[in-house]
Structures are given as C-alpha cells and as structure tokens.
Amino acid sequence: MCNTCGCNVTSGNRHLLFTAPAQKPVSAVTVLSNLLKHNDAHAEQNRARLDAQGVLAINLMSSPGSGKTALLEATIQRLKDSLNIGVIEGDLETENDADRIRAQGVPAHQITTGTACHLDAHLLGPALDHFDLSKLDLLFIENVGNLVCPASFDLGHHRNVTLLSVTEGDDKPAKYPVMFRAADLMLITKIDLLPHLDDFSPERAELCQRKLASSAPVFNLSSRSGQGMEAWLEWLQHEVAEHKQRVKNGQTLRPRVQQDGQSLHDPASQPRFRPVVRV
Amino acid sequence: MSGLHRTQPVHELSLCQDLLEQVIAIARAHQAEKVVRVIVNIGPLAGVEPLLLESAFSVSCEGTLAEGAELVTALQAIRVYCDVCGLESEATASDLSCRHCGDFATRLLSGDELILARVELESVEEVRH
C-alpha cells in the first residue's frame with residue numbers, strides 16, 4: 001500500500017478524501033437480531049401445525065446417494081402397519097422419489113426446488129397442505145441431498161437425522177461440521193458393503209462425530225440387507241410415542257439446528273438508535 | 001414466499017432476502033434516505049460463507065434503499081465451555097473438544113452466530129453545523 005497510486009484508498013476511508021458540500025448525518029442502529037428471523041418464524045408456524053395433530057416430523061439429511069430414499073422405503077415397509085407415515089421429498093427436479101414412496105402405499109409430496117440447494121420453512125408450509133395431518137403419526141422430510149445448506153434452516157420439524165454411507169469418507173463429520181453437529185441421530189448406512197471397503201471405519205466416523213461435541217446416538221444399518229434396522233425402528237417408535245406425550249403436555253421439541261450459541265445471544269427487544277460521529 | 005421454483009443458486013442469496021427485509025424495515029423506521037453499511041456477525045459454524053454473502057448482498061440490494069451499501073462480515077471465534085473441567089477454550093469447527101482436558105462434553109459459547117449486528121443509515125435532514 002502506498003501514497004502514490006491511490007491503492008491506499010479503500011471503501012472504508014474514501015469518504016475522508018472528499019468534503020461533501022452538505023454531508024448527510026450517518027447514524028448507526030444496533031440490531032442484534034437473527035438473520036434467519038423470518039425463516040424461523042415460519043418454522044414455528046409449521047411446527048405448531050404439526051404439533052396440533054401430534055405429528056412427529058423428521059428431517060433426513062445427507063449427501064446425494066447416501067440412501068435416504070432407500071432407507072425410507074425399508075422403514076415404511078416395516079412400520080406402515082403400526083404407524084401412519086407421510087413423506088415430503090425435496091429434490092431439484094423430478095417426482096421420482098415421491099413415486100418410489102407412493103409405491104409403498106403411503107402419501108408423498110414432492111417439492112422441486114429448481115436451483116435451490118435446500119428446503120426452508122417457506123417451502124415446507126405449502127407442502128404440509130397436501131397431507132391430512134390428523135391422519136399421520138410420523139412425517140419424514142427428505143431434504144435435498146447436500147451436506148452444506150440444509151443444516152442452516154429450521155423447517156419446523158422436530159428431529160434431524162443425518163446419514164453417512166460407508167462408500168463415503170469416514171471423516172465426513174470433520175469435513176462438514178455444520179451439518180453433522182446438527183444431527184440428533186446419525187445413521188451409518190449401506191453397512192452391508194463394509195466388507196468390500198477397507199478404508200471406512202465406523203469407529204473413526206463416530207469419533208469424528210464426538211469431536212463435534214455431539215452426543216447423538218450412532219446406528220449402523222443396511223436398508224438392503226435389513227442389518228441393524230431394529231435399533232432405528234425402535235428409535236422411531238420411541239420418538240413418536242414421546243412426541244405424542246409431549247404435545248399433550250403442551251410442549252414441543254426443536255431440532256439441533258443453530259441452537260446452542262444462538263440462544264446465548266439475546267436479541268435486543270428494541271433497536272437502539274445511536275449517532276456515529278464522523279470527521 | 002410461496003413460489004416453489006425460486007431462482008436461487010446459493011443459499012447465501014436466500015439468506016439475503018431475510019437480511020435485506022430487516023435492514024430496509026429498520027431504515028424505514030428511522031426515516032433514512034439510504035443504507036450506508038450493514039454489519040453482520042457470522043460464526044464459522046453458521047454454515048454461511050462470508051464472501052458469498054457479501055456478493056449476494058450487493059446483488060440483492062439493487063433498486064432498494066440499501067443499493068450500494070457495504071456489507072461488513074465480522075467473523076466470530078469459536079469458543080466452547082467444558083462441562084467436565086469447567087474451563088473455556090478456543091476450538092475449531094471440526095474439533096469442538098476441550099483444549100484443557102480433551103473431553104467432548106462441551107457447549108458452544110460462540111461460533112454459530114448469524115446475527116445482524118448493526119445498520120448505518122444516512123438520514124434525510126442535512127447536518128447542522
């Protein structure tokens with residue numbers, strides 16, 4: 001940086017060079033409000049609609065191809081006689097996944113996001129209109145396959161389930177901490193393929209998860225072979241029963257999205273108006 | 001926002017809608033003529049890329065009170081509190097364990113913020129010297 005060519009003039013100090021003829025006063029307003037305020041308000045509305053009917057909503061997140069839809073197919077086959085299940089599918093394009101779910105005999109609605117890489121609360125709201133919520137116990141939301149963006153948006157659901165398939169790297173929780181930290185439950189999927197893969201260690205994957213200060217349970221399973229499915233199905237049934245009790249007591253449950261740190265930052269109830277002295 | 005087919009290539013752009021709505025509401029409430037600067041606190045665990053947010057912001061602001069406003073992103077440090085040893089430490093996004101005792105039972109004190117901290121506005125009336 002020098003005083004010769006002008007490279008020391010930045011957007012921060014440029015105003016010092018010019019004496020504005022009638023400089024307008026600049027004032028600063030301290031806000032301290034959550035950037036996702038609108039999304040979160042909409043999420044609360046969605047959650048209230050679900051809670052009014054005692055429906056537990058579970059958000060499934062993973063990278064594309066980790067087996068979310070296959071897991072749903074296998075889960076529905078095993079649970080559809082004991083629980084009323086609905087599914088919302090999020091993809092950039094096609095009805096393919098919703099068609100696969102409907103083939104299992106349960107209601108499904110496809111949200112096609114176009115180019116948007118995640119679902120948000122504003123997209124979930126209208127999708128709920130496609131279901132008779134009074135006839136559901138459990139609503140799965142299969143988010144867009146993406147390990148980055150979906151973690152930042154509360155949809156109005158209750159639990160986050162994050163999938164990691166053994167064909168991916170076991171250090172994925174370390175590489176995508178925002179996503180995996182948000183998990184209420186982590187599923188290591190396609191476990192039937194493990195004998196063919198010498199570089200994936202479920203123990204290492206779990207260690208990476210723990211390093212994110214996560215106490216989320218980790219289950220290993222295979223939708224295809226059925227191996228390990230029992231623990232997952234029991235977890236679901238337990239969660240559905242607990243949620244019914246919870247809403248009876250007038251309580252709800254929020255997923256582990258943006259929870260810990262955010263709650264420590266008390267948003268100012270009234271913006272403060274404070275003049276800034278310039279030059 | 002009811003349209004299902006929105007053209008938002010990145011989620012930083014959709015975040016900007018929320019941000020911009022809040023900024024413009026504040027500007028209107030203070031009868032400001034123009035938004036000069038917007039300061040946002042972002043933690044590494046918020047899942048938002050500051051550079052993408054900055055470029056998305058300048059695009060979103062076009063034709064609004066905030067056109068030409070500068071977005072300043074203040075990156076926050078990751079700090080954790082350990083439930084086991086009771087000490088605070090700095091941490092990284094992929095390793096939130098306690099630096100003192102190594103336990104994983106920590107709680108995040110800061111690092112996942114996504115907060116509109118401050119808005120600087122230019123008012124209508126001229127300055128009185």
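- As named in an unreviewed UniProt entry, chain B is Hydrogenase maturation factor HypA, taken from Methylomonas rapida.
- Under the UniProt heading Sequence similarities (unreviewed entry), the entry covering chain B gives this text: "Belongs to the HypA/HybF family."

- Identification of chain A as Hydrogenase maturation factor HypB from Methylomonas rapida is taken from an unreviewed UniProt entry.

**Here's the deal with the packing of aromatic side chains**
Two descriptors summarise a pair of aromatic rings, namely the distance from one centre to the other and the angle between the planes of the rings.
Residue and element names in this part refer to chain A.
Right, so step 1: All chains considered together, the criterion is met by 2 aromatic pairs over all chains.
Right, so step 2: Ring centres of Trp232 and Trp235 lie 6.0 Å apart, and the angle between their planes is 15°; on these two criteria the pair is classed as stacked. Of this pair, Trp232 and Trp235 both sit in helix H8 (residues 229-248), 3 residues apart, roughly one helical turn. Neither residue differs from the other here; Trp232 and Trp235 are each classed as buried.

**Re helix H4 (residues 121-128) of chain A**
Residues and elements named next belong to chain A.
Right, so step 1: Across the 8 residues of H4, 7 count as buried, placing the element largely inside the fold.
Right, so step 2: When H4 is considered as a whole, its buried residues turn out to be Ala121, His122, Leu123, Leu124, Gly125, Ala127 and Leu128.
Right, so step 3: Put simply, Asp120 is the residue that caps the front of H4, since its side-chain oxygen is 3.1 Å from the backbone nitrogen of His122.

**A closer look at the packing of helix H2 (residues 68-79) of chain A against H8 of chain A**
Residues and elements named next belong to chain A.
Right, so step 1: Interhelical geometry of H2 versus H8 gives an angle of 70° and a closest axis separation of 11 Å. The pairing of H2 with H8 is recorded here as roughly perpendicular in orientation. Remark: the crossing between H2 and H8 carries right-handed chirality. Contacts between H2 and H8 pair Leu71, Ala74, Thr75, Arg78 and Leu79 from the former with Met229, Glu230, Trp232, Leu233, Leu236 and Gln237 from the latter.

**Notes on the packing of helix H1 (residues 37-52) of chain A against H4 of chain A**
All names here are of chain A.
Right, so step 1: Orientation of H1 relative to H4, taken along the N-to-C sense of each, is 25°, at an axis distance of 8 Å. Between H1 and H4, the angle falls in the class roughly parallel. Crossing of H1 against H4: the hand is left-handed. Facing His38, Asn39, His42, Ala43, Asn46, Arg49 and Leu50 of H1, the residues of H4 in contact are Ala121, His122, Leu124, Gly125 and Leu128.
Right, so step 2: Its residues placed into classes, the contact of H1 with H4 shows 5 nonpolar, 6 polar and 1 charged.

**Details of the sheet that holds strand S8 (residues 218-220) of chain A**
Residue and element names in this part refer to chain A.
Right, so step 1: Read across the sheet, 7 strands follow the order S4-S3-S5-S2-S6-S7-S8 without closing on themselves; strand pairing throughout is parallel. Of all strands in the sheet, those with a lone pairing partner are strand S4 (108-112) and S8, marking the two edges. Ignoring strand direction, the axes of neighbouring strands in this sheet form an average angle of 20°.
Right, so step 2: Bridging between strand S3 (residues 85-91) and S4 involves 5 bridges; their strand directions are parallel. Opposite Val87, over in S4, you have Ala108 as the bridge partner.

**Quick notes on the pairing of strand S2 (residues 70-75) of chain B**
Residues and elements named next belong to chain B.
Right, so step 1: Taken together, the 6 bridges between strand S1 (residues 32-42) and S2 define a ladder with parallel strand orientation. Within S2, the position partnered with Val40 by the bridge is Thr73.
Right, so step 2: Following the chain from S1 across helix H2 (residues 50-60) to the adjacent parallel S2, one finds a crossover that is right-handed.

**A look at the nonpolar core**
Right, so step 1: In terms of nonpolar packing, the biggest core is built from 31 residues, with Leu19, Val35, Val38, Val40, Leu53, Phe57 and Leu116 of chain B touching the most fellow members.
Right, so step 2: Looking at this core, the elements that each hand over two or more residues are strand S1 (26-34) of chain A together with helix H1 (11-29), S1, H2 and strand S6 (114-123) of chain B.
Right, so step 3: Of all the elements, H1 of chain B adds the most residues to this core, at 8 residues.
Right, so step 4: Setting aside its immediate chain neighbours within four residues, Leu53 of chain B contacts Leu35 of chain A together with Glu12, Leu15, Cys16, Val40, Ile42, Val48, Leu71 and Thr73 of chain B.
Right, so step 5: Residues Ile58, Leu83, Phe140 and Val161 of chain A belong to the second largest nonpolar core, which totals 29 residues.

**Some thoughts on the UniProt feature "binding site: Zn(2+)" (unreviewed entry) in chain B**
Residue and element names in this part refer to chain B.
Right, so step 1: Under the feature "binding site: Zn(2+)" (unreviewed entry), the UniProt entry names Cys82, Cys85, Cys98 and Cys101. These residues run over 20 residues, yet every pair of their C-alpha atoms falls within 8.6 Å of each other.
Right, so step 2: Summarising the element assignment, Cys82 is placed in strand S3 (residues 79-82).
Right, so step 3: Once you skip the residues sitting within four places of it in the chain, Cys82 turns out to touch Leu87, Cys98, Cys101, Asp103, Ala105 and Thr106.
Right, so step 4: By secondary structure assignment, the location of Cys101 is in the loop between strand S4 (88-90) and strand S5 (106-110).
Right, so step 5: For Cys101, a relative accessible area of 39% gives the class partly exposed.

**Focus on the sheet that holds S3 of chain B**
All names here are of chain B.
Right, so step 1: In spatial order, the strands read S4-S3-S5; together these 3 strands make up an open sheet with antiparallel pairing. Each of the sheet's edge strands pairs with one partner strand only, and the pair in question is S4 and S5. Neighbour to neighbour, the strand axes of the sheet diverge by 35° on average, direction disregarded.
Right, so step 2: When S3 meets S5, the two strands line up antiparallel, connected through 4 bridges. Looking across to S5, one finds that Tyr81 is bridged to Arg107.

What counts and what doesn't
Residues numbered from 1 in each chain as written. Chains lettered and ligands numbered in written order. Predicted model: local features only at pLDDT ≥ 70, side-chain atom pairs only at ≥ 80, totals over all residues. Heavy atoms only, no water. UniProt positions renumbered as here; feature names shortened; annotations may be inferred. Phe/Tyr/Trp six-rings, centres within 6.5 Å; stacked < 30°, edge-to-face > 60°. Helix = DSSP H or I, 4+ residues; strand = E, 2+ residues; numbered from the N terminus. Buried < 20%, exposed > 50% of the residue type's maximum accessible area, 1.4 Å probe, protein only. Polar contact = N/O pair within 3.5 Å; in protein donor to acceptor, adjacent residues only side chain to side chain. Axes fitted to C-alpha atoms, helices over the stretch in contact; angles between N-to-C directions. Parallel < 35°, antiparallel > 145°, perpendicular 65-115°, else oblique. Left-handed = near helix turned anticlockwise from the far one by under 90°. Contact = heavy atoms within 4.5 Å. Nonpolar A, V, L, I, M, F, W, Y, C, P; charged D, E, K, R; others polar. Pairing = 2+ DSSP bridges. Right-handed = clockwise from strand over helix to strand, strands pointing away. Core = buried A, V, L, I, M, F, W, Y, C linked by side-chain atoms within 4.5 Å.

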